[in-house]
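Chain and residue survey
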Amino acid sequence: MPISPKRSIWPGLRGRNRHWKGAERPMAHSRSSPGIRIGIDLGGTKIAAVAMRNDGTVCAEQRIRTPRGDYSATLAAIAQIVVSLEKAANCSGATVGIGVPGAVSARTGTIKNANSEWLNGRDLRGDLGHFLDRPVRTANDADCFAISEAQDGAGAGAATVFGIILGTGCGGGIVIDGKLLTGPNAIAGEWGHNPLPWPDVAAGTAELPGPDCYCGKTGCIETFLSGPGFAARHKEQSGQSLTPEQIVAQARQGNADCGDSLGRYIDRLARATASVINILDPHCIVLGGGMSNIAELVTEVPRLWPRYVFSDRIDTVLSAARHGDASGVRGAAWLWPAS
Ligand SMILES: [Zn+2]
């Protein structure tokens, strides 16, 4: 079996297939499906992967450092992971799904908006598909989170799930009847760069025009609800440089400044999710990312929804993620339907 990729259809690697020397090529997708799905979470610093059975149990997993800045090496690393996971799971022809940073352009299939900038403009799905000799599915990492939680996580059984990542940024994804919602711009669920709704202009909390955002606008939801945003807004109000964990811990111990910051965060999250409820009316909203560890969010935010949601009754459920850090790989694996 040849070990080099089909160079003629690999514009990004033409003449550079030496990266594949010695690399073992995974076996082609077989007609007899093994019932094993491989999910890969391609992050800026690490690549995590699992081989999963149809019932959601994990039979093998792997984690390596991302070859930063080197696209060819990234492809080779992913291919090697597929080889070793198939060996470990004693199968061949597993389905492969990959969660990627940024978005996958519906028009060109290339990656855009990735903070791992060496991936931007690359057709990861096509290039890997040719080398692995099987179709590969890709989705944004927040979309993978939403799929994972909708499939067998906190949103299992809910017809419409809005999955939110409150981490270094604010991502989101929408799953309807088990299917990821994708649109022509590949940004469905990207609520983080909408403006914070119902800005509080009276309390001197600097919500209007709001903080500068890296996207070029001001007052984006992400500048208030991401972890760094929470810490930055607390510093603005109190002059204290604390981590989100410290702010929450001190708020629970009765510190007034920290309590005010946590209260504002909860109200802002209530407003930001209420505007989504008014448009999408999801059955379940699942919170992920580091900030979702704040237990008060799932209890306090729904209490505030009646102030903002345009309905006399609100049956939307707010839940914390079930799968935590594993949602990236699990969602990528679920990009393929059960076989
Ligand atoms: Zn923004």
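Bear in mind that the values here come from a model prediction, so they are computed numbers and not experimental data.

Before going further, it helps to examine the sheet that holds strand 10 (residues 179-180). Think of a sheet as strands paired side by side through backbone hydrogen bonds, with each pair either parallel or antiparallel. Across the sheet, which stays open at both edges, the 5 strands sit in the order 10-9-8-11-12 with mixed pairing between neighbours. The strands lining the two open edges of the sheet, one partner per strand, are strand 10 and strand 12 (317-320). Sheet topology note: the strand 8 (residues 160-166)/strand 9 (residues 170-176) ladder contains 7 bridges and is antiparallel. Directly across from phenylalanine 162, in strand 9, lies its bridge partner isoleucine 174. Packing against the sheet, helix 3 (residues 141-152) makes contact with strand 8, strand 9, strand 10 and strand 11 (284-288), and its axis sits at approximately 45 degrees to strand 9. On top of the sheet, helix 8 (residues 296-308) reaches strand 11 and strand 12; it is set at about 165 degrees to strand 12, its chief contact.

The buried fraction of strand 1 (residues 36-42) amounts to 7 of the 7 residues, a majority that puts the element mostly inside the structure. Of the two faces of strand 1, both are covered, the one formed by Ile36, Ile38, Ile40 and Leu42 as well as the one formed by Arg37, Gly39 and Asp41. Across 7 bridges, strand 1 lies against strand 2 (residues 46-53) in antiparallel orientation. Each residue of the ladder has a partner; that of isoleucine 36, found in strand 2, is arginine 53. Hairpin remark: strand 1 followed by strand 2, antiparallel, with 3 residues in the connecting loop.

On to the sheet that holds strand 7 (residues 136-140), then. With mixed pairing, 5 strands are arranged side by side in an open sheet as 3-2-1-4-7. Single-partner strands in this sheet number two, and they are strand 3 (58-65) and strand 7. Each adjacent strand pair in this sheet contributes to an overall mean axis angle of 15 degrees, direction not counted. Bridge count between strand 1 and strand 4 (residues 95-100): 5 bridges; the pairing is parallel. Considered in strand 4, the bridge of isoleucine 38 is made with valine 96. Packed on one face of the sheet, helix 2 (residues 124-132) meets strand 4 and strand 7 and runs near 155 degrees to strand 7.

Below, the discussion takes up the nonpolar core. Counting residues in hydrophobic clusters, the biggest one holds 87 residues, and the most contacted among them are Ile38, Ile40, Ala49, Ile78 and Ala146. Take this core: its biggest share by element is 10 residues, from helix 1 (residues 71-89). Domain assignment of the residues forming this core places at least three in each of domain 1 (36-143) and domain 2 (154-321). Those residues in contact with isoleucine 40 that sit more than four places away from it in its chain are Ile47, Ala49, Ile78, Ile81, Val96, Ile98, Gly99, Val329 and Ala332.

Geometrically, the link from leucine 208 to proline 209 is a cis peptide bond, its omega value of 0 degrees lying close to zero. With respect to the helices and strands, proline 209 occurs in the loop between strand 10 and helix 4 (222-225). Of note, asparagine 90 is a non-glycine position whose phi angle comes to about 55 degrees, a positive value. Judged by the 11 C-beta atoms lying within 10 Å of it, asparagine 90 falls in the exposed class. Even without a glycine there, the phi angle at tryptophan 198 is positive, about 45 degrees. With respect to the helices and strands, tryptophan 198 occurs in the loop between strand 10 and helix 4. The class for tryptophan 198 is partly exposed, based on 15 C-beta atoms found within 10 Å.

Contact geometry for helix 7 (residues 256-280) and helix 8: axes closest at 8 Å, N-to-C directions at 60 degrees. With respect to helix 8, the element helix 7 is oriented oblique. Remark: the crossing between helix 7 and helix 8 carries right-handed chirality. Side by side, helix 7 and helix 8 meet where Leu262, Ile266, Asp267, Leu269, Ala270, Arg271, Thr273 and Ala274 of the first sit next to Glu296, Leu297, Glu300, Val301, Leu304, Trp305 and Tyr308 of the second. Broken down by class, the residue content of the contact of helix 7 with helix 8 amounts to 10 nonpolar, 1 polar and 4 charged.

Right, let's get into the confidence of the model for the protein. Per-residue confidence for the protein gives a mean pLDDT of 88; residues scoring 70 or more make up 88%. In the predicted structure, residues 1-23 sits below a pLDDT of 50 and forms 31 contacts with residues beyond four places in sequence or in another chain.

Of all the residues in helix 2, the buried ones are Leu124, Arg125, Asp127, Leu128, Phe131 and Leu132. Those residues of helix 2 that are buried lie in contact with helix 1, strand 4, strand 5 (103-104), strand 6 (111-112) and strand 7. In the stretch just after helix 2, aspartate 133 is the one whose phi turns positive, near 60 degrees.

Thresholds applied
Here, residues in each chain are numbered from 1, in the same order as that chain's written sequence. In view of the model being predicted, local features appear only for residues whose pLDDT reaches at least 70, and side-chain atom pairs are presented and counted only at 80 or more, with totals across whole chains, interfaces and linings using the full set of residues. Pairing between strands requires that DSSP locate at least two bridges from one strand to the other. Labels follow the DSSP assignment, with helices taken as runs of H or I lasting at least four residues and strands as runs of E lasting at least two, numbered in each case from the N terminus. Distance between backbone-placed C-beta atoms decides contact: two residues are in contact if it is within 7 Å. An axis is simply a line fitted to the C-alpha atoms; with a helix, the fit covers only the stretch in contact. Between two such axes, the angle follows the N-to-C directions and lies from 0 to 180 degrees. Counts of 20 or more other C-beta atoms within 10 Å of a residue's own C-beta define buried residues, counts of 12 or fewer define exposed ones, and intermediate counts define partly exposed ones; C-beta atoms are placed from the backbone. Here, a nonpolar core means buried Ala, Val, Leu, Ile, Met, Phe, Trp, Tyr and Cys residues linked by C-beta atoms lying within 7 Å of one another. Each domain's limits were defined by an automated method or a database of domain assignments. With respect to orientation, any angle under 35 degrees is reported as roughly parallel, any angle over 145 as roughly antiparallel, any angle of 65 to 115 as roughly perpendicular, and every other angle as oblique. Note on convention: the crossing is left-handed when the near helix lies turned anticlockwise from the far helix by less than a right angle, right-handed when the turn is clockwise. The nonpolar class holds Ala, Val, Leu, Ile, Met, Phe, Trp, Tyr, Cys and Pro. Asp, Glu, Lys and Arg form the charged class, and all remaining residues, Gly among them, are polar. Each residue carries a pLDDT score, the predictor's own confidence in it, on a scale running from 0 to 100.

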